[in-house]
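In case you want the letters, here they are:
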Amino acid sequence: MSRRANRFTMTADTILEAVEGLRTAIADTGRHESKALDKLAENADQVASRLATLENRYREAGSALSGFATELESAQREADRLVQAHAEAEAAQARYEREIEHHRDERQRTTDPLVAVDLNRHLLVLSQRQGAQTAAAADAQARFTQVVTRLRSAGTAAAERMRDAIKGDGLNDGVWDDFAGWVADNAGILKAIHSVLRTVTAVLSVLSFFIPVLVPFALAAAALTAGLSLVLAATGQISWIDFAVDLITVATFGVAAVATRALGGVMNALKGTRVARLAAQGHRSPLRSVTGSFNGVLRGRNGLSIGPVKLPSVKWAWEVNGAKGVSNAHFLRVASRSQAGAGGPLDKILLQMGHAEMQRIKLAFGVRTAVSMPNTALETFGPPISGALERALPDNPVSAVVDSLADGWQDVKERTSWKVGS
């Protein structure tokens, strides 16, 4: 936030320097008698006036963001203290609850009236202390809510200052600025839709391995995700890294789909050549033999049945997932197990072509996994793992490393976030 505020302020300083340069140039033209110079000075004066107005817009935006950045930093420090205080109060409350349960059990078992009186006194003290911790936790939660409310108010005020500066400077924004403003106003909803589309794409991608008819839908979901990602990145709402990940997802999915389709053609050609080879050898039923050989390698692919639904066996599911598709896994089994009609140079060439398509498919999904790994590791799984470790082992070095990597990744994404035309 502070970096963006400084960027606005630096832009304002640059504009101010340009205005001063134009003013100096206009003053210099007054020493010469020339209609061309007079016209140039008139145009330069208009440009200088508009730039001066624009300078105020960026100056005000930088000031508003800088003030909000200060509020944000202060709120983060206070929120950290309150979160720690809340956690300590809850831990103490739980500890007192265990002690209270222990003393109640002791009171039920004791037969000595004096011991019972002493236990009741302890229970009263413990209940009072537990109540104090409950109140402390509630107070921390209430103060945390106040911090969030105050920060939201500061953010709203900063946004209003920037909006007033834009509306009041008399400079009309273009269609792109209006569109970018609309995206900014609805960024929360659009980012939520983007996140849902990413999830849908991932789910359809895996399901399409087992249900090939879902491939076009998965590809369409990936394309929609990339399209929305482009809009968000171009308007400065997300990092261009996120757009690159979504674009690579579409590209690799398309490459894998094309390769899978080509592999289907290889399978048909392979079957045809093997049937022809058996026929040339005088086999009585070459088509039935080759078809039986192709289908025979699929034995053991079915697992449990739930009503009319047949689930794949664990082994077959593993093979399909590794090959990234049912037809791909079928090819690999045919290539390694089916022998009816196999052999000959043409058969060998077709098998090589099939394996080349498989390599292309695996490379596409490998690239996709590699480019999405930082987001998955540092944003999806990193924070929960770090938090769980911190709760189990406070001040452990692993959490510090994970948090440092996550913060560094976020810094990289912030540096690669900018609006087109800014």
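Structure shown above.
Residues numbered from 1 in each chain as written. Predicted model: local features only at pLDDT ≥ 70, side-chain atom pairs only at ≥ 80, totals over all residues. Heavy atoms only, no water.

**Description of the overall build of the chain**
Secondary structure assignment for the chain yields 12 helices and two strands. Burial status across the chain gives 30% buried among its 422 residues. Of all intrachain contacts in the chain linking residues separated by at least 6 positions in sequence, the fraction that spans at least 24 positions is 72%. When the accessible surface of the chain is split by element, carbon and sulfur atoms take 61% of a total near 25,400 Å². (Helix = DSSP H or I, 4+ residues; strand = E, 2+ residues; numbered from the N terminus. Buried < 20%, exposed > 50% of the residue type's maximum accessible area, 1.4 Å probe, protein only. Contact = heavy atoms within 4.5 Å. Areas by Shrake-Rupley, 256 points an atom, 1.4 Å probe, with all protein chains shown as cover.)

**Focus on the packing of helix 5 (residues 187–210) against helix 6 (residues 215–234)**
The geometry of helix 5 relative to helix 6 is characterised by a closest axis approach of 8 Å and an angle of 155° between their N-to-C directions. By the angle class used here, helix 5 and helix 6 are roughly antiparallel. Where helix 5 crosses over helix 6, the two elements pack in a sense that is left-handed. Contacts between helix 5 and helix 6 involve Leu190, Lys191, Ile193, His194, Leu197, Arg198, Val200, Thr201, Leu204, Ser205 and Ser208 from the former and Val215, Phe217, Ala218, Ala221, Ala222, Leu224, Thr225, Leu228, Ser229 and Leu232 from the latter. (Axes fitted to C-alpha atoms, helices over the stretch in contact; angles between N-to-C directions. Parallel < 35°, antiparallel > 145°, perpendicular 65-115°, else oblique. Left-handed = near helix turned anticlockwise from the far one by under 90°.)

**Examining the nonpolar core**
Core analysis: the largest hydrophobic core is formed by 26 residues, its most contacted members being Leu270, Phe294, Phe331, Val334, Met358 and Ile361. Elements supplying a minimum of two residues to this core: helix 7 (240–280), helix 8 (286–296), helix 9 (314–323), helix 10 (326–337) and helix 11 (345–392). Here the element with the most residues in this core is helix 7; it accounts for eight residues. Grouped together as the second largest cluster of nonpolar side chains are eight residues, Leu190, Leu197, Ala233 and Phe243 included. (Core = buried A, V, L, I, M, F, W, Y, C linked by side-chain atoms within 4.5 Å.)

**Notes on the side chain of His103**
Relative to the elements of secondary structure, His103 occurs in helix 2 (residues 35–109). When its relative accessible area of 16% is taken as the criterion, His103 is described as buried. Excluding anything up to four places from it in sequence, His103 contacts Leu119, His122, Leu123 and Leu126.

**Topic: a nonpolar patch on the surface**
On the surface, a cluster of nonpolar side chains totalling about 380 Å² of accessible area is made up of Trp176, Phe179, Trp182 and Val420. Within the secondary structure, Val420 sits in the segment after helix 12 (397–415). Judged by its relative accessible area of 38%, Val420 is partly exposed. (Patch = residues over 30% accessible without salt bridge, like charges linked within 9 Å, V, L, I, M, F, W, Y side chains within 5 Å. Salt bridge = Lys/Arg side-chain N within 4 Å of Asp/Glu carboxyl O.)

**Description of the pattern of salt bridges**
Scanning the model with the defined rule gives 13 salt bridges in all. With a shortest N-O distance of 2.9 Å, Arg150 and Glu78 are connected by a salt bridge. Separated by 72 residues along the polypeptide, Arg150 in helix 3 (residues 113–168) and Glu78 in helix 2 bring together distant segments of the chain. Among the residues examined, Arg150 registers a relative accessible area of 38% and is labelled partly exposed. The closest approach of N and O atoms between Arg121 and Asp118, which form a salt bridge, is 2.7 Å. Taken as a pair, Arg121 and Asp118 lie in helix 3 at a separation of three residues, close to a single helical turn.

**Things to note about helix 6**
Given a rise of 1.5 Å per residue, 20 residues ought to cover 28 Å, and the 28 Å separating the end C-alpha atoms of helix 6 matches this to within 8%. Turning to helix 6, its buried residues number three or more, namely Ala218, Ala221, Ala222, Thr225, Ala226, Leu228, Ser229, Leu232, Ala233 and Ala234. In the core, the buried residues of helix 6 are packed alongside helix 4 (175–185), helix 5 and helix 7. (Expected span 1.5 Å × (residues − 1).)

**Topic: the side chain of Asn375**
Tracing the backbone through its elements, the reader meets Asn375 in helix 11. A polar atom in the side chain of Asn375 sits 3.1 Å from the side chain of Asp242. (Polar contact = N/O pair within 3.5 Å; in protein donor to acceptor, adjacent residues only side chain to side chain.)

**A few points about the environment of Phe209**
Locating Phe209 in the fold gives a position in helix 5. C-alpha separation for the pair Phe209 and Gly322, spaced 113 residues apart in sequence, amounts to 9.5 Å.

Read these as geometric descriptors, not functional statements.
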